[in-house]
Amino acid sequence: GAGVSQSPSNKVTEKGKDVELRCDPISGHTALYWYRQSLGQGLEFLIYFQGNSAPDKSGLPSDRFSAERTGGSVSTLTIQRTQQEDSAVYLCASSEGLAGTDTQYFGPGTRLTVL
Amino acid sequence: SQQGEEDPQALSIQEGENATMNCSYKTSINNLQWYRQNSGRGLVHLILIRSNEREKHSGRLRVTLDTSKKSSSLLITASRAADTASYFCAFAMNRDDKIIFGKGTRLHILP
């Protein structure tokens, strides 16, 4: 079956512009996560959606970052007024059930470059 | 910080040798997972070990978990060039908690 997909695969934008990154999780997966990975670094947790519960937004680095998950499926990560330090690969993952028990399936990521 | 710590940060070994990577964490956990990331982007799940398990095998992979020391190790036996990648441990404190990833070990297998 289809895995996690993300779009666009690459995004180049100018400082100050807003960007939207999209994630399509595996059908039926109740949990969805966004991570950020700078070059050569580990994964930085951003936000976690679990079913109909309120999302865990504790990893969002500033109020310029927001995410929503519509209908329990597709998710959009929005970065407003982008800064150069926002340049990174943004990874989305989904899991069938609870985050703490199930395997995460990752998408290929979106490479964001802010000029 | 809740983040896991892998060591070494980087490891180069000859093809055919065994590679061992370690992960330490600071809190009690529900389970611990290991992932691989080839140069590129997506991570691939390798193995999950539950907090009540001490050792688990999958092919050439062997994972151990010592909850008293809050540490785990990943052993790759008979390494191959295709094993060249970054390896991350990840864990959750509770069943419904978010997953925390370590900083990763970059493994390079020399021909």
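As shown above, the structure is provided for reference.
Within each chain, residues carry numbers counting from 1 in the order of the written sequence. Labels are handed out in written order, letters beginning with A for the chains and numbers beginning with 1 for the ligands. Residues qualify for local features only when their pLDDT is at least 70, as the model is predicted, and side-chain atom pairs are given and counted only at 80 or more; totals for whole chains, interfaces and linings, by contrast, use all residues. Side-chain descriptors were evaluated using all non-hydrogen atoms of the structure, hydrogens and water having been removed beforehand.

Chemist: Quick question: what am I supposed to make of the sheet that holds strand β7 (residues 61-66) of chain B here?
Modeler: Pairing between the strands of a sheet is mediated by backbone hydrogen bonds and can be parallel or antiparallel. All names here are of chain B. A pair of strands is considered paired only if DSSP assigns at least 2 bridges between the two. Here a strand is any run of E in DSSP of at least two residues, a helix any run of H or I of at least four, and the numbering for each starts at the N terminus. The five strands lie next to each other as β1-β3-β8-β7-β6, forming an open sheet whose pairing is antiparallel. Strands with a single pairing partner mark the edges of an open sheet, and in this sheet they are β1 (5-7) and β6 (55-58). Neighbour-to-neighbour, the strand axes of this sheet turn through a mean angle of 15°, independent of strand direction. Inspection of the sheet shows strand β3 (residues 19-24) paired to strand β8 (residues 71-76) by six bridges, in the antiparallel sense. Bridge assignment links A19 to a residue of β8, and that residue is I76. For every element, the axis is a line fit to its C-alpha atoms; helices are fit only across the contacting stretch, and the angle between N-to-C directions ranges from 0 to 180 degrees.

Chemist: Explanation requested: the packing of aromatic side chains in the structure shown.
Modeler: In this analysis, rings of Phe, Tyr and Trp, with Trp reduced to its six-membered ring, are considered paired at centre separations within 6.5 Å, and the interplanar angle assigns stacked below 30 degrees, edge-to-face beyond 60, and tilted for intermediate values. Summed over the entire model, instances satisfying the criterion amount to nine aromatic pairs over all chains. Note on Y35(A) and F45(A): the rings are 6.3 Å apart at their centroids and 70° apart in plane angle, and the pair reads as edge-to-face. Placement of the pair is Y35(A) in strand β4 (residues 31-37) and F45(A) in strand β5 (residues 44-50), with a sequence separation of ten residues. Residue classification places F45(A) among the buried residues on the basis of a relative accessible area of 9%. Cluster of aromatic residues (ring-pair linked, three or more members): Y33(A), Y35(A), F45(A), Y48(A), F106(A), Y35(B) and F101(B). Three exposure classes are used, based on accessible area relative to the maximum for each residue type with a 1.4 Å probe and protein chains only: buried under 20%, partly exposed in between, and exposed over 50%.

Chemist: Honestly, the state of the cysteines in this entry has me stumped. Any pointers?
Modeler: Chemically, a disulfide is nothing more than a covalent bond linking the sulfur atoms of two cysteines. By definition, disulfides here are pairs of cysteine sulfur atoms that lie within 2.5 Å. Scanning the entire structure with this criterion turns up two disulfides over all chains. Residue pairing for C23(A): its cysteine sulfur links by disulfide to C92(A), the two sulfurs lying 1.8 Å apart. Classification of the bridge connecting C23(A) and C92(A) rests on its S-S torsion, roughly -65°, and on that basis the disulfide is left-handed. Of this pair, C23(A) sits in strand β3 (residues 19-24) while C92(A) sits in strand β8 (residues 88-95), placing them 69 residues apart in sequence. The exposure classification of C23(A) matches that of C92(A), with both residues buried. Each sulfur in the disulfide pair C23(B) and C89(B) lies 2.0 Å from the other. Measuring handedness by torsion sign, the sulfur bridge of C23(B) and C89(B) sits at about 65° and is right-handed. Separated by 66 residues along the polypeptide, C23(B) in strand β3 and C89(B) in strand β9 (residues 85-92) bring together distant segments of the chain.

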